[in-house]
Amino acid sequence: MVDLLMDQEYQRWLFTFSAPTAALNLEYGASYFAPNFFPEDSSIDLKESWDITSKQDLIATVIRMVEEGHADELAYPYFLWHQILPDSWQAFVNAQEEPRQILLEFVAETAGICGSGGIQAWDLSRMGYLCRIGVLNGWFTERESLWFQSRIASRARHYYDSWQQYTNGFLTGRA
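Residues numbered from 1 in each chain as written. Predicted model: local features only at pLDDT ≥ 70, side-chain atom pairs only at ≥ 80, totals over all residues. Heavy atoms only, no water.

1. Things to note about unusual backbone geometry
Then, in step 1: Even without a glycine there, the phi angle at F37 is positive, about 65°.
Then, in step 2: Relative to the helices and strands, F37 resides in the loop between α2 (19-24) and α3 (47-50).
Then, in step 3: Within the chain, D51 stands out as a residue other than glycine whose phi angle is a positive 60°.
Then, in step 4: Inspection of the secondary structure puts D51 in the loop between α3 and α4 (55-68).
Then, in step 5: Exposure remark for D51: the relative accessible area of 47% places this residue in the partly exposed category. (Helix = DSSP H or I, 4+ residues; strand = E, 2+ residues; numbered from the N terminus. Buried < 20%, exposed > 50% of the residue type's maximum accessible area, 1.4 Å probe, protein only.)

2. Details of the environment of T16
Then, in step 1: Following the sequence through the fold, T16 ends up in helix α1 (residues 8-16).
Then, in step 2: When its relative accessible area of 24% is taken as the criterion, T16 is described as partly exposed.
Then, in step 3: Distance in space between the C-alpha atoms of T16 and F33 is 7.8 Å, their sequence separation being 17 residues.
Then, in step 4: Residues in contact with T16, not counting those within four places in the same chain, are F33 and W163.
Then, in step 5: Here the side chain of T16 touches R12 through a polar contact of 2.8 Å, landing on its backbone oxygen. (Contact = heavy atoms within 4.5 Å. Polar contact = N/O pair within 3.5 Å; in protein donor to acceptor, adjacent residues only side chain to side chain.)

3. Looking at the packing of aromatic side chains
Then, in step 1: Taken as a whole and judged by the stated rule, the model has 15 aromatic pairs.
Then, in step 2: With a centroid separation of 5.7 Å and 25° between ring planes, the pair formed by Y10 and W13 is classed as stacked. Placement of the pair is Y10 and W13 together in helix α1, with a separation of three residues, close to one helical turn.
Then, in step 3: Assessed through its relative accessible area of 18%, Y10 is described here as buried.
Then, in step 4: Between F37 and F38 the ring centres are 4.9 Å apart and the planes differ by 75°, which places this aromatic pair in the edge-to-face class.
Then, in step 5: When its relative accessible area of 0% is taken as the criterion, F37 is described as buried. (Phe/Tyr/Trp six-rings, centres within 6.5 Å; stacked < 30°, edge-to-face > 60°.)

4. Things to note about a nonpolar patch on the surface
Then, in step 1: A contiguous nonpolar patch, built from L26, Y32 and F33 and spanning about 250 Å² of accessible area, is present on the exposed surface.
Then, in step 2: Relative to the assigned elements, Y32 resides in the loop between α2 and α3.
Then, in step 3: Its relative accessible area of 34% is what places Y32 among the partly exposed residues. (Patch = residues over 30% accessible without salt bridge, like charges linked within 9 Å, V, L, I, M, F, W, Y side chains within 5 Å. Areas by Shrake-Rupley, 256 points an atom, 1.4 Å probe, with all protein chains shown as cover. Salt bridge = Lys/Arg side-chain N within 4 Å of Asp/Glu carboxyl O.)

5. Structural notes on the nonpolar core
Then, in step 1: The biggest cluster of nonpolar side chains holds 36 residues, and the ones touching the most others in it are L46, W50, V62, M127, Y129 and L130.
Then, in step 2: For this core, the secondary-structure elements that each account for two or more residues are α1, α4, α8 (120-136), α9 (142-159) and α10 (163-174).
Then, in step 3: Considering each element in turn, this core owes the most residues, ten residues, to α8.
Then, in step 4: Among all residues touching Y129, those that are not within four sequence positions of it are S18, T21, F37, F38, L46 and W50.
Then, in step 5: W89, F92, L104 and I119 belong to the second largest nonpolar core, which has twelve residues in total. (Core = buried A, V, L, I, M, F, W, Y, C linked by side-chain atoms within 4.5 Å.)

6. Side note on the packing of α4 against α8
Then, in step 1: Where α4 contacts α8, the two axes come as close as 9 Å, and the packing angle between them is 165°. On the basis of their axis angle, the class for α4 and α8 is roughly antiparallel. Viewed along their axes, α4 and α8 form a crossing whose handedness is left-handed. Residues L58, T61, V62, M65 and V66 of α4 lie in contact with α8, whose contacting residues are D123, L124, R126, M127, L130, C131 and G134.
Then, in step 2: When the residues that make up the contact of α4 with α8 are grouped by side-chain class, the tally is eight nonpolar, two polar and two charged. (Axes fitted to C-alpha atoms, helices over the stretch in contact; angles between N-to-C directions. Parallel < 35°, antiparallel > 145°, perpendicular 65-115°, else oblique. Left-handed = near helix turned anticlockwise from the far one by under 90°. Nonpolar A, V, L, I, M, F, W, Y, C, P; charged D, E, K, R; others polar.)

7. Structural notes on the layout of surface pockets
Then, in step 1: In this structure, the largest pocket occupies an estimated 150 Å³ of space.
Then, in step 2: Elements with a minimum of two residues in the lining of the largest pocket: α4 and α9.
Then, in step 3: Here the element with the most residues in the lining of the largest pocket is α9; it accounts for five residues.
Then, in step 4: Considering only residue class, the lining of the largest pocket consists of six nonpolar, no polar and three charged. (1 Å grid on protein atoms, 1.4 Å probe; cavity = no way out; pocket = protein on both sides within 12 Å on 5 of 7 lines; lining within 4 Å. Points joined across faces, edges and corners; volume = space filled by probe spheres on them.)

Next up, the structure:
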């Protein structure tokens, strides 16, 4: 029986979900396909930026961000924009408080390029990055990291119809 997590082509595919984050860190030595993200480093301090100091912190952060990340507040509006007619969308927007209407305008302007996943890719790519840093810091084995990344990939495939939508979701979320 083939162990999919240990298949090199499958691993490279999983690493592709954190590629947008790798692209932002190439000048610092990031690798698109290294299991530990920064192959020249021995560890990365995640205390200040993520408040992560252990395997338990890492797991909790990855789960929280995949389930309820920064994109969570806009997940339903992105989904809804793709489901209803423009008049119904405008009625939905008009029924909201003014600060919420500004966010919904952002959704309407970006939903066409991001797909119904919206900006979820921003959180998903960074969680793939954290899984790979978990390998670098010795908190995850490669197999554990790949397992978490396979769950992230499953979520991304649910939300996005193409790599273009995924990349647009990442870039829009970052903006």
